[in-house]
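Each chain, written out:
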Amino acid sequence: MSKTFPGLKALDDVSLEVHSGEVVAVLGHNGSGKSTLVKILAGVYQADSGSVVEVRNAEGQLAAGPDARSDLHFIHQDLGLADILTTVENLGLGTAARGRGFAPIHSRAERRRAQELIARFGVNFDVTVPVGRLSPAHRAIVAIARAMDGWTRPDNVLVLDEPTTALHGDEVQVLFEAVRRVAAAGAGVVFISHRLDEVLALADRVVVLRDGRVVAEESTSNLDHDQIVTLIAGRAIADISLEARGGPAEPVLTVSNINGAEIIDFSMTLRAGEIVGIGGILGSGREELAPLLFGSKYRFGGLVEIGGEELISDDTRAAIESGMAYVPADRRKSGAVMELSVRENLTLPMMRGLRRAFGRLDGRAERAETHSWMQIVGLRPPNPEQALKLFSGGNQQKVVLAKWLRVRPRVLLLDEPTQGVDVGAKAAIYELIMAARSDGTAILLCSSDTKELVSLCDRVLVFKGGRIVSEVQRGELTEERLVRDELALETRK
Ligand SMILES: Nc1ncnc2c1ncn2[C@@H]1O[C@H](COP(=O)(O)OP(=O)(O)OP(=O)(O)O)[C@@H](O)[C@H]1O
Ligand SMILES: [Mg+2]
């Protein structure tokens, strides 16, 4: 398979074979061509001429082209859901009768069936609201439920493009169980993920892409974590770890007794040059904290202060002006302007440093700065003038993060900062976060990735049921400890 975009060969003569009962992981750096491969299989993109996709079932019958497509099931990187439609509709279970201003109407049978399909993944939510209003994890579950339903035969093919980015440990396990089940029943599975632990847990074989070419193909049993890193990045990448630091600095952010939809009576202090992690399972309050502090979600009661000045709720502009920056988890939706170029997205939040006398933008300074950020995050392709929407998912993430790090904020709120980025970029992003810490930025790091919390944080606060159930200092930080506290498996000493 080959695929040429204007000025770029995204896939260059790639061959891939997936057998019945097998899980094949397709790996590679951001922009290496993984999603392009998936989109060709799905018929979203047309491959260059000469490319062939064939599906052969148990009896050896061959289906090619559009016929083969009904045997393929997808969970796309962007999930591919229609945001304005309900869960029932996205699952293909019925169309809502809708009048102006009325809520969609679904029959009781449709609702029950939709509830059943999502209940397999251990969740229960309103299936009659537009999926655009659901949380990222619930949206992912709708996409997963859809891909798992409506199989023509057990030996169909399932393709998952980073299905776990919005999911927490427990939900990931449920998904993996379901994937193992369909593989055991004869399905062939193609799995894409940047979380290498997941790859080792699920895949039988890995196929590694680099710049659109297959550079390695190996059985998982012959590989360990570090070897996979080297295959993807083309070099070994050392683990980053926090160096000790001097005495306590002054508090920059003080939060007293705030409340949100999930969070109850929360207080904390964040000091200059400190990284405080926020852990907790989905729905624990973890995802609500950053938007609540930034003001993009309504909070009531209590007080949020930066450098002694009170921040009013619901005023994100005031938050930015007092030196707060927020990198949201859902960057495609709220972190960036997809139609604008990388350069424009980068310089959007702060033009000040780039203004010359009389307020004219210094084009040369802007280009030079964009260029250096592009190198720091390893943007691929290195073309800052291209619209953001034409970059791969992980490259978009890197641009949004760079945009806020560039501002040198006093308080930096990070939500899932390395979700969906490759191992090389992850190391670069960790270095950027550590550099910001050395410069005295106060950092709040909300993450479902316990490994990330352990590597980067001076201390971690763990949410459960909207409240902090434990505070773990650097010296006692282990993944095991965090997972135990998040689930509160054991009563603590
Ligand atoms: N519609 C498009 N027009 C132009 N270039 C595109 C288009 N879609 C993708 N590309 C380019 O093709 C290359 C491969 O992108 P792709 O989305 O397949 O990467 P990926 O391996 O899925 O990366 P990630 O891990 O970040 O999701 C990238 O360089 C991307 O910028
Ligand atoms: Mg992709």
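Now for a description of the structure that goes with this document.

Rules and cut-offs
- Residues numbered from 1 in each chain as written.
- Chains lettered and ligands numbered in written order.
- Predicted model: local features only at pLDDT ≥ 70, side-chain atom pairs only at ≥ 80, totals over all residues.
- Heavy atoms only, no water.
- Helix = DSSP H or I, 4+ residues; strand = E, 2+ residues; numbered from the N terminus.
- Rg over C-alpha atoms; globule rule 2.2 N^0.38 Å.
- Contact = heavy atoms within 4.5 Å.
- Near = heavy atom within 4 Å.
- Polar contact = N/O pair within 3.5 Å; in protein donor to acceptor, adjacent residues only side chain to side chain.
- Areas by Shrake-Rupley, 256 points an atom, 1.4 Å probe, with all protein chains shown as cover.
- Buried < 20%, exposed > 50% of the residue type's maximum accessible area, 1.4 Å probe, protein only.
- Pairing = 2+ DSSP bridges.
- Right-handed = clockwise from strand over helix to strand, strands pointing away.
- Donors = N, O, S within 2.8 Å, 3.2 Å for Na, K, Ca; no water.

## Describing the overall build of the protein chain
Here's step 1: Per the secondary structure count, the protein chain includes 17 helices and 20 strands.
Here's step 2: In terms of C-alpha radius of gyration, the protein chain reaches 23 Å, essentially the compact-globule figure of 23 Å for 493 residues.
Here's step 3: Taking the principal axes of the C-alpha coordinates as reference, the protein chain spans close to 70 × 55 × 55 Å.
Here's step 4: For the protein chain, the share of sequence-separated contacts (at least 6 apart) that also reach a separation of at least 24 residues comes to 65%.

## Details of the site of ligand 1
Here's step 1: Around ligand 1 sit 22 residues in total, of which Gly31, Lys34, Thr36, Ser392 and Gly394 are the nearest.
Here's step 2: In this structure, an oxygen atom belonging to ligand 1 sits 3.0 Å away from a main-chain N or O atom of Gly33.
Here's step 3: Contact distances for ligand 1 include 2.7 Å between an oxygen atom and a side-chain N or O atom of Ser392.
Here's step 4: When the free accessible area of ligand 1 is taken as 640 Å², the share hidden by the protein chains comes to 91%.
Here's step 5: Secondary structure elements with two or more residues in the shell around ligand 1: β2 (8–11), α1 (34–42) and α14 (393–406).

## Thoughts on the pairing of strand β8 (residues 188–192)
Here's step 1: Buried residues dominate β8, accounting for 5 of its 5 residues.
Here's step 2: Bridge count between strand β3 (residues 23–28) and β8: 3 bridges; the pairing is parallel. Across the sheet, the residue bridging to Val23 is Val189, located in β8.
Here's step 3: Handedness of the β-α-β unit built from strand β7 (residues 157–161), helix α6 (residues 169–184) and β8 comes out right-handed.

## Structural notes on the coordination of the magnesium ion (ligand 2)
Here's step 1: The protein atoms that coordinate the magnesium ion (ligand 2) are Ser35 (OG) and Gln77 (OE1), at distances of 2.0 to 2.1 Å. Here the residue Ser35 occupies a position in helix α1, and Gln77 occupies one in the loop between β6 (72–75) and α3 (87–90), the gap between them amounting to 42 residues.

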